[in-house]
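Chain by chain, the residues:
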Amino acid sequence: MAEASTPRSKKGWFWLSVLVNLGFLGVFKYYNFFGQSFVDMFSHLGVHLQLSTINVILPVGISFYTFHGLSYVIDIYKDRIKPERNFIDYSLFVSFFPLLVAGPIERATHLLPQLKKKRYFDYSKAIDGLRQILWGLFKKVVIADNCAEYANLIFNHSSNYSGSSLVLGALLFAFQIYCDFSGYSDIAIGTAKLFGIDLLRNFAFPYFSRDIAEFWRRWHISLSSWFKDYLYIPLGGSKGGLWMRVRNTFIIFIVSGFWHGANWTFVIWGALNALFIMPSIIFKTNRSNLEIAAKGKSLPSLRELFDILLTFSLTLIAWIFFRSASVGQALQIIGGIFSKDLFKMPQTSPRPVILVIIILFVIIEWIGREGRYAIENVGIRWTPVLRWSFYSFIIVCIGMYMQTSGSDFIYFQF
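Analysis parameters
Residues numbered from 1 in each chain as written. Predicted model: local features only at pLDDT ≥ 70, side-chain atom pairs only at ≥ 80, totals over all residues. Heavy atoms only, no water. Helix = DSSP H or I, 4+ residues; strand = E, 2+ residues; numbered from the N terminus. Rg over C-alpha atoms; globule rule 2.2 N^0.38 Å. Buried < 20%, exposed > 50% of the residue type's maximum accessible area, 1.4 Å probe, protein only. Contact = heavy atoms within 4.5 Å. Areas by Shrake-Rupley, 256 points an atom, 1.4 Å probe, with all protein chains shown as cover. Lys, Arg positive; Asp, Glu negative; His and termini not counted. Charge placed at Lys NZ, Arg CZ, Asp CG, Glu CD. 1 Å grid on protein atoms, 1.4 Å probe; cavity = no way out; pocket = protein on both sides within 12 Å on 5 of 7 lines; lining within 4 Å. Points joined across faces, edges and corners; volume = space filled by probe spheres on them.

**Regarding the overall build of the protein chain**
The secondary structure content of the protein chain amounts to 14 helices and 0 strands. In sequence order, the protein chain lays out its α and β elements as α-α-α-α-α-α-α-α-α-α-α-α-α-α. Here the C-alpha atoms of the protein chain give a radius of gyration of 23 Å, agreeing with the 22 Å that 2.2 N^0.38 yields for 414 residues. For the protein chain, the spread of C-alpha atoms along the principal axes amounts to about 65 × 65 × 45 Å. Residue burial in the protein chain is summarised as follows: out of 414 residues, 50% are buried. A separation of at least 24 residues holds for 75% of the contacts in the protein chain among residues at least 6 apart in sequence. About 21,200 Å² of surface is accessible on the protein chain, with carbon and sulfur atoms providing 66% of the total. Side chains of the protein chain give 39 positive and 25 negative charges; the mean places of these two sets differ by 5 Å.

**Some words on empty space enclosed by the protein**
If you walk through the whole model with that rule in mind, you get 1 cavity of 30 Å³ or more. Considered as a void within the structure, the largest cavity measures approximately 90 Å³ in volume. Taken together, 14 residues form the lining of the largest cavity, with Lys139, Asp186, Phe203, Arg372 and Tyr373 sitting closest to its centre. Only α5 (123-156) and α6 (163-194) provide two or more residues apiece to the lining of the largest cavity. Here the lining of the largest cavity takes 5 residues from α6, the largest share from any one element.

In structure tokens form, the structure reads like this:
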């Protein structure tokens, strides 16, 4: 592309690269899904087809390094960066190990210059990185893994549970997926700091959001901004009037759903989020809440609390589709939630100590919500004894639940 003699030639090389990148992703991740959907469509018409499927293990991190490669190609095409001549530096950018499996999704314009310059060990950055790794491990091992145990039990046998139990299952999954994704991101970002590398922030306390637009500015930030910069804006963004804003919003959310998984449940999850964000798009209020809730205050106002709870409830409904094995199961769970058993005691729940730890976790997240991660500034002004007692409590919890939860977290393999 950089050496192309004409714009047409440059565009040709660009689309060849895009198709090759997406082709690998499409074959490995989506071939079986689209093939089976094609067969099912014809079976409803009375035509029975036979289609062979691909029985291979999905390459680890393929969605993430595909998007890394695409951002590099697009930025070269847009003349934002020059092509990287050093194959080692380029390979390191695409496969930098902390972010390979679950992000954040880096940009060549941000990460490549850091990899190429000489770095020196920074003690203060390393301490900050270790603190973020510690909090990430706590979220993943203590919160996510314990919530997953009960969420899986309820979702896997959803037809046997009352409405109150199904609500509990949805709540536990909401904590599971947040602490799993953001915990991994904290560990990746903290690990990179040990090497003198600053990765993009990926989560900014999304469950304290006051509307869905704010939620998506705070949830999986690197993915949301990737879709905005490389899909939403090239499609026309918000410049073409209301119809174009609505169309482009639905496109990026549905594509985001497909990116997360090859199942119609993910597509509906994306479409629901697009539907939930529509009032903000139509009335142009999607930039109303740019600062964190109750900034500089200890508690939110009643209006903020109502908005946070409403936004979280809408997110919870969408998460049910994300977690369910099928659209039918998701509808069955939602129907069960609004049954007459909604106010009965749940048939199963985590151990009381787990519930107490989850409540403490929410409190710590709220106290530290103005930092880049919850414990960045928590305890900085405490006495050394109190501060190290707090860190020791986190370490003990991690060690205890790492042994009992059977965690298969990727970082324990390094």
